[in-house]
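Listed here are the chains, written in short residue letters.
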Amino acid sequence: MDPRLLIGHAVKVVLVAALVGLYARGRSGRGLAIVAYLWAALLGNSLTTLWPDLFFNYEFWMRRQAVFDVLKLLVGVEIALRAFRIFPGARATWERLVAASVVVATTSAFWFLPREAPYGVLFAHQPQIIAATVWLFTVTSLVIVHYRIPVAPWHRAILLAFVPYQLVFTTSIAVMKNLGASLHPAMGLLDSTAYLVMVAYWAQTAWRREEPLAISPATRRTLQLEGA
Amino acid sequence: MLWLGLVAVSTIVVCVLLGRYDRAAVAREWDMMLGGRASEDIRTLERACELDHMMADDSWQAAWQAVKDDDRPEAVRLLDLSYQVLEAATINRRVRLRAVRVCARMAAAMAPAPPLWPAHFETTEIRTLAGVAIVLQHILVSAYERFVVQAHVLALGFVLALRAMRRARGGRDLTTALLRFDVAKMDWRSLDEAHVEMVRILLVSAAASRRDVAVARL
C-alpha cells in the first residue's frame, strides 16, 4: 500500500479519536472553529482516501485548502476571544481589527479564487495566508504569556501543535515551488506525517483529564475557569 | 523565503512561550492577587524574611565572638555561613521580585511605592543606585512603571549588597572584614524590608480594586 494512503487512513482514525474525545470530555463547546476544522479535515480526508479517483486531484485539494485556511483563522480568532473574554484591555483594538481584516481577506480570496485556478496560484498565495494565520497565533500567545492569562489546556494544545505544523507545511510548499513538482511525493509524505503527529497530539489532549486547579472558588468564578 | 522565515520565527516564539506556560502557576498567581488573603500572605513572608535575618545575624555575632576569642578559623567559617544564608536568600528575593514585576501586569491600578532614599544605605554602590532610582521615579509617568523600575532596582541592590559582603570576606584584617560585612548586611536588610513593602503594595493594590474590575481592565 502507498505509505501516503496508509498515513491518510491513520489520520482519519486519529481525527475520529480526537472528535470523540472532545465530545466525550465535553470540550467540543470550548472551540467551535476547531471542531468545524476537524470535521472538515475528516470529510476531506475520507473523500480523498476512499474515492481517490474522484477527489485526489489539485482542484479538490485547493478548494479544501481554502476552507482550511478560513477555518484556521477562525480558530485563531476564537481562541483569542475566549482567552481574553474577561480581559478586554489585553485584547488590543489593533489586534482585533487586523485579525478581522485577515479573516475578511482570506474569505474574499476563497470566494473570488478562479474556479479553474492553476496549481501555481495557490502556491503563490499559500505562504502569505499561512504567515497571517501563524502571526495571529503568535500574537495571541504573546498576549497570553505577557498578561498571565489563564488559558485552557485544549486551547494551548491547539496553538502549540498548529504552528509547528504550519512551518512544515510552508516548508513543503516552498521546497516544491523552488525545486520542482518531482519532490511532491516526498513532501506530501512529510506533510502527512507532520499532520498525523499534530492530530495525534490533539487527540491525546482531547482525551486527557484536566488536573483541578488549587485555587479558591471565588478566583475560579472571577476568572470563569469553570469549563474554560 | 520571507514568509517561510516569518513562520519559522513565529514557530520558535510560540513553542518557547507556550511550552514554558504553566496554567497552574498562572492560576495560583491570580488566586494570590484575587484571593483576599493579602495580610496572611504578608505575615508569612515577613516571618520567612525575619528568619533569614536571624540566621545571618546569629552567624555574624558568633563570628564576632570567635574573633574576640582569637579563633580565626571558626570566625571565617561562621562568616561564610552568614554569607551563604544571605546568598540563598538573595536568589529567593530576586525570584520574588521578578514574580512581583510579572504580577504587577495583572493589577488594575498600582499604589505608589515609597522611594529608596540613598541616606538609608551605607554602601556606596547601593547609595548611588538609590539615587538613580530617585531620579527615575521623577522621570517615569505611571505608578506601574515606577513600581516595575523599583522592583528592578531592588533586585540589582540585592546583587550589589551580596557582592559587597563577598568582597568584605576577602579582607586580611578579620575585624575590618566583619565590620564591612555588617554594613553590607544592614543594607541588605533595608533592601529586604523594601522588598516586603513591594509585595505588600502589590497585594494591597490588587485587593483595593474591585475584583471584577481588576480583571476587566486588563
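Here, the structure is the one placed above.
It should be emphasised that the depicted structure is a prediction, and the values quoted were computed from it without experimental measurement.

Draft legend 1. Local environment of the overall build of chain A. Looking only at helices and strands, chain A has nine helices and zero strands in total. Order of helices (α) and strands (β) in chain A, N terminus to C terminus: α-α-α-α-α-α-α-α-α. The buried share among the 228 residues of chain A stands at 35%. A separation threshold of at least 6 residues defines the contact pool for chain A, and within that pool the share at least 24 residues apart is 81%.

Draft legend 2. Representation of the overall build of chain B. A count of helical and extended segments in chain B gives eight helices and zero strands. Listing each helix as α and each strand as β along chain B from the N terminus yields α-α-α-α-α-α-α-α. Here chain B, with 218 residues, has 36% of them falling under the buried criterion. A separation threshold of at least 6 residues defines the contact pool for chain B, and within that pool the share at least 24 residues apart is 75%.

Draft legend 3. Structural context of the interface of chain B and chain A. Opposite the 33 residues of chain B that make contact, chain A presents 41 residues. Taken together, the elements giving at least two residues each to the side of chain B that touches chain A come down to helix 1 (2–19), helix 2 (23–34) and helix 8 (211–216) of chain B. Class assignment of the residues belonging to the side of chain B that touches chain A gives a composition of 21 nonpolar, four polar and eight charged.

Draft legend 4. Geometry of the environment of Ala 66 of chain B. By the element assignment, Ala 66 of chain B lies in helix 3 (residues 38–68). Expressed as a C-alpha distance, the spacing of Ala 66 of chain B and Arg 77 of chain B, which sit 11 residues apart in the sequence, is 9.9 Å.

Draft legend 5. Looking closely at helix 7 (residues 153–179) of chain A. A rise of 1.5 Å per residue sets the reference length of helix 7 of chain A, with its 27 residues, at 39 Å; its end C-alpha atoms lie 39 Å apart and thus fit the reference within 8%. A positive phi of about 105 degrees marks Gly 180 of chain A, the residue just after helix 7 of chain A.

Draft legend 6. Examining the nonpolar core more closely. Grouped together as the largest cluster of nonpolar side chains are 51 residues, with contacts concentrated most on Ala 18, Ile 158, Leu 159, Val 199 and Trp 202 of chain A. Element by element, the count of residues in this core is highest for helix 7 of chain A, at 10 residues. Once residues within four sequence positions are removed from consideration, Ile 158 of chain A is found in contact with Gly 31, Ile 34, Val 75 and Ile 79 of chain A. Counting residues in hydrophobic clusters, the runner-up holds 47 residues, among them Ala 66, Ala 75, Val 85 and Ala 113 of chain B.

Draft legend 7. Inspection of the packing of helix 2 (residues 32–50) of chain A against helix 4 (residues 58–83) of chain A at higher detail. Residue and element names in this part refer to chain A. As a packed pair, helix 2 and helix 4 sit with axes 8 Å apart at the nearest point and diverge in direction by 160 degrees. The angle between the axes of helix 2 and helix 4 places the two elements in the roughly antiparallel class. Once helix 2 is placed against helix 4, the crossing between them reads as left-handed. Note on element contacts: helix 4 touches helix 2 through Arg 64, Val 67, Phe 68, Leu 71, Lys 72, Leu 74, Val 75 and Glu 78, opposite Leu 32, Ala 33, Ile 34, Ala 36, Tyr 37, Ala 40 and Gly 44. When its residues are assigned to classes, the contact of helix 2 with helix 4 shows 11 nonpolar, one polar and three charged.

Conventions adopted
Residues numbered from 1 in each chain as written. Chains lettered and ligands numbered in written order. Predicted model: local features only at pLDDT ≥ 70, side-chain atom pairs only at ≥ 80, totals over all residues. Helix = DSSP H or I, 4+ residues; strand = E, 2+ residues; numbered from the N terminus. Buried ≥ 20, exposed ≤ 12 C-beta atoms within 10 Å, placed from the backbone. Contact = placed C-beta atoms within 7 Å. Nonpolar A, V, L, I, M, F, W, Y, C, P; charged D, E, K, R; others polar. Expected span 1.5 Å × (residues − 1). Core = buried A, V, L, I, M, F, W, Y, C linked by C-beta atoms within 7 Å. Axes fitted to C-alpha atoms, helices over the stretch in contact; angles between N-to-C directions. Parallel < 35°, antiparallel > 145°, perpendicular 65-115°, else oblique. Left-handed = near helix turned anticlockwise from the far one by under 90°.

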